[in-house]
Amino acid sequence: MNLELNGKRAFVCGSTQGIGRAAALELALLGADVTLIARDTTRLQQTVSELATSPGQHHDFIAVDFSEPEEVNRRVLEYVKTTTVHILVNNTGGPPAGALVNARPEEFLNAFRSHLINNQHLVQAVMPGMKEAQWGRIINIISTSVKAPLKNMGVSNTIRGAVANWAKTLSLELAPFNITVNNVLPGSTMTGRLESLMQGKAEKSGKTYEQVKRETANEVPAGRIGEAHEVAAAIAFLASPAASYITGINIPVDGGRTSSL
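Bear in mind the structure is a predicted one, so any value in this text is a computation, not a measurement. (Residues numbered from 1 in each chain as written. Predicted model: local features only at pLDDT ≥ 70, side-chain atom pairs only at ≥ 80, totals over all residues. Heavy atoms only, no water.)

Assignment of secondary structure puts D254 in the segment after β7 (250–253). Among buried charged residues, D254 stands out as having no salt bridge; its nearest opposite-charge side chain is R257, 7.0 Å away. At a separation of 2.5 Å, a polar atom in the side chain of D254 contacts the side chain of T258. Non-local contacts of D254, meaning those with residues more than four positions away in its chain, are made with T144, G187 and V220. (Helix = DSSP H or I, 4+ residues; strand = E, 2+ residues; numbered from the N terminus. Buried < 20%, exposed > 50% of the residue type's maximum accessible area, 1.4 Å probe, protein only. Lys, Arg positive; Asp, Glu negative; His and termini not counted. Salt bridge = Lys/Arg side-chain N within 4 Å of Asp/Glu carboxyl O. Polar contact = N/O pair within 3.5 Å; in protein donor to acceptor, adjacent residues only side chain to side chain. Contact = heavy atoms within 4.5 Å.)

Dropping the structure here:
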């Protein structure tokens with residue numbers, strides 16, 4: 001199986017922590033030159049220093065805040081003037097928890113900008129280079145809510161669904177250029193976001209954090225919460241030459257928790 005990514009440039013968003021960071025580490029191990037994208041320069045520098053580097057391999061970063069889509073667009077367009085991006089991993093933090101009926105309109109707008117608009121800017125920026133190379137991988141980190149809405153995640157469920165349909169449409173348009181578009185759907189994964197959600201649930205329910213953590217793990221057929229590197233492995237496979245005939249799909253990485261097919 002050919003998993004080598006030597007000579008390929010990968011853009012990884014939200015790459016200083018959690019699943020984004022794990023994906024960057026994995027792609028670098030496969031030989032890709034990795035460009036990290038996040039807002040914290042200190043964390044970006046630290047993460048770059050942790051990426052595997054072989055002779056000829058070069059990593060860098062772009063420090064930009066995804067709450068400012070126009071600035072993201074400007075910085076990436078400037079970057080691709082001199083560099084072809086072959087792999088794009090769209091990933092950013094999800095909207096706050098909360099019931100859909102209580103959500104304010106601006107919460108939807110903010111989430112839409114941070115997720116779908118940024119994704120669109122990034123795809124439009126890197127697509128010409130992918131088409132010229134006749135090789136591309138676009139991988140979107142979304143959520144299992146695409147298949148089954150999650151309780152108390154109203155805005156997130158809504159926006160994630162929009163991103164999934166955006167990606168499916170994109171996969172149909174880009175397949176003739178040997179560019180694949182796929183979605184990875186993490187289930188309960190031990191990241192800062194999940195820790196924050198479990199802490200919030202503990203405070204509201206009067207339970208301890210450890211009780212909520214055990215309950216979360218018990219909801220998973222595998223009997224445990226996943227790790228970021230397990231999601232990253234799926235991302236890396238979809239980015240590889242081995243996944244050349246896989247496009248337009250949703251891949252849950254959730255220990256079997258999602259009840260739908």
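Unusually for a residue other than glycine, Q134 sits at a positive phi of about 55 degrees. Positive phi values are uncommon outside glycine, yet N178 reaches one of about 60 degrees. Topologically, N178 is positioned in the loop between α5 (154–174) and β6 (179–186).

The next point concerns the packing of aromatic side chains. Tallied over the entire structure, the rule returns one aromatic pair. We note K8 situated over the ring of W135; from NZ or CZ to the ring centre the distance is 4.7 Å. Directly above the ring of F177 sits K131, whose terminal nitrogen or CZ lies 4.4 Å from the centroid. (Phe/Tyr/Trp six-rings, centres within 6.5 Å; stacked < 30°, edge-to-face > 60°. Lys NZ or Arg CZ within 6 Å of the ring centre and 35° of its normal.)

Burial analysis of strand β5 (residues 136–141) places six of its six residues in the buried class, the great majority of the element. Crossover connection from strand β4 (residues 87–90) via helix α4 (residues 105–133) to parallel β5: handedness right-handed. Bridge analysis of β5 against β6 gives six bridges, and the strand direction is parallel. When the sheet's bridge partners are listed, I141 is paired in β6 with V184. (Right-handed = clockwise from strand over helix to strand, strands pointing away. Pairing = 2+ DSSP bridges.)

Further remarks concern the environment of A242. Note on placement: A242 falls in the loop between α8 (228–239) and β7. When the C-alpha atoms of A242 and S205 are compared, they prove to be 46 Å apart, with 37 residues separating the residues in sequence. Apart from the residues lying within four places of it in its own chain, the contact partners of A242 are M1, N2, L3 and F237.

Mapped onto the fold, N118 is located in helix α4. A polar atom in the side chain of N118 sits 3.1 Å from the backbone oxygen of S114. Residue contacts for N118: discarding those within four places in its chain leaves F66, P69, V72 and R113.

Now for the packing of helix α3 (residues 69–79) against α4. Two numbers describe how α3 lies on α4: the axes approach to 9 Å, and their chain directions differ by 20 degrees. Regarding the angle of α3 to α4, the classification is roughly parallel. Every pair of crossing elements has a handedness; the one defined by α3 and α4 is right-handed. For the pair α3 and α4, contact is made by P69, E70, V72, N73, V76 and L77 and by R113, I117, N118, H121, L122 and A125, respectively. For the contact of α3 with α4, the residue count by class is seven nonpolar, three polar and two charged. (Axes fitted to C-alpha atoms, helices over the stretch in contact; angles between N-to-C directions. Parallel < 35°, antiparallel > 145°, perpendicular 65-115°, else oblique. Left-handed = near helix turned anticlockwise from the far one by under 90°. Nonpolar A, V, L, I, M, F, W, Y, C, P; charged D, E, K, R; others polar.)

As a further point, take the pattern of salt bridges. Side-chain pairs of opposite charge can arise whenever the charged atoms involved come near each other. This model, assessed by the stated rule, comprises nine salt bridges. Between K207 and E215 there is a salt bridge, and its shortest N-O distance comes to 2.8 Å. Since its relative accessible area comes to 35%, K207 is described here as partly exposed. Assessed through its relative accessible area of 28%, E215 is described here as partly exposed.

So, about the nonpolar core. Of all hydrophobic cores here, the largest spans 34 residues; its most connected members are F11, L88, L122 and I138. Elements with a minimum of two residues in this core: β1 (9–13), α3, α4, α5 and β6. Setting aside residues up to four positions removed in sequence, L88 forms contacts with F11, C13, L122, V123, V126, M130, R137, I138 and I139. Counting residues in each nonpolar core, the second largest holds 31 residues, with A10, A24, V89 and V231 among its members. (Core = buried A, V, L, I, M, F, W, Y, C linked by side-chain atoms within 4.5 Å.)

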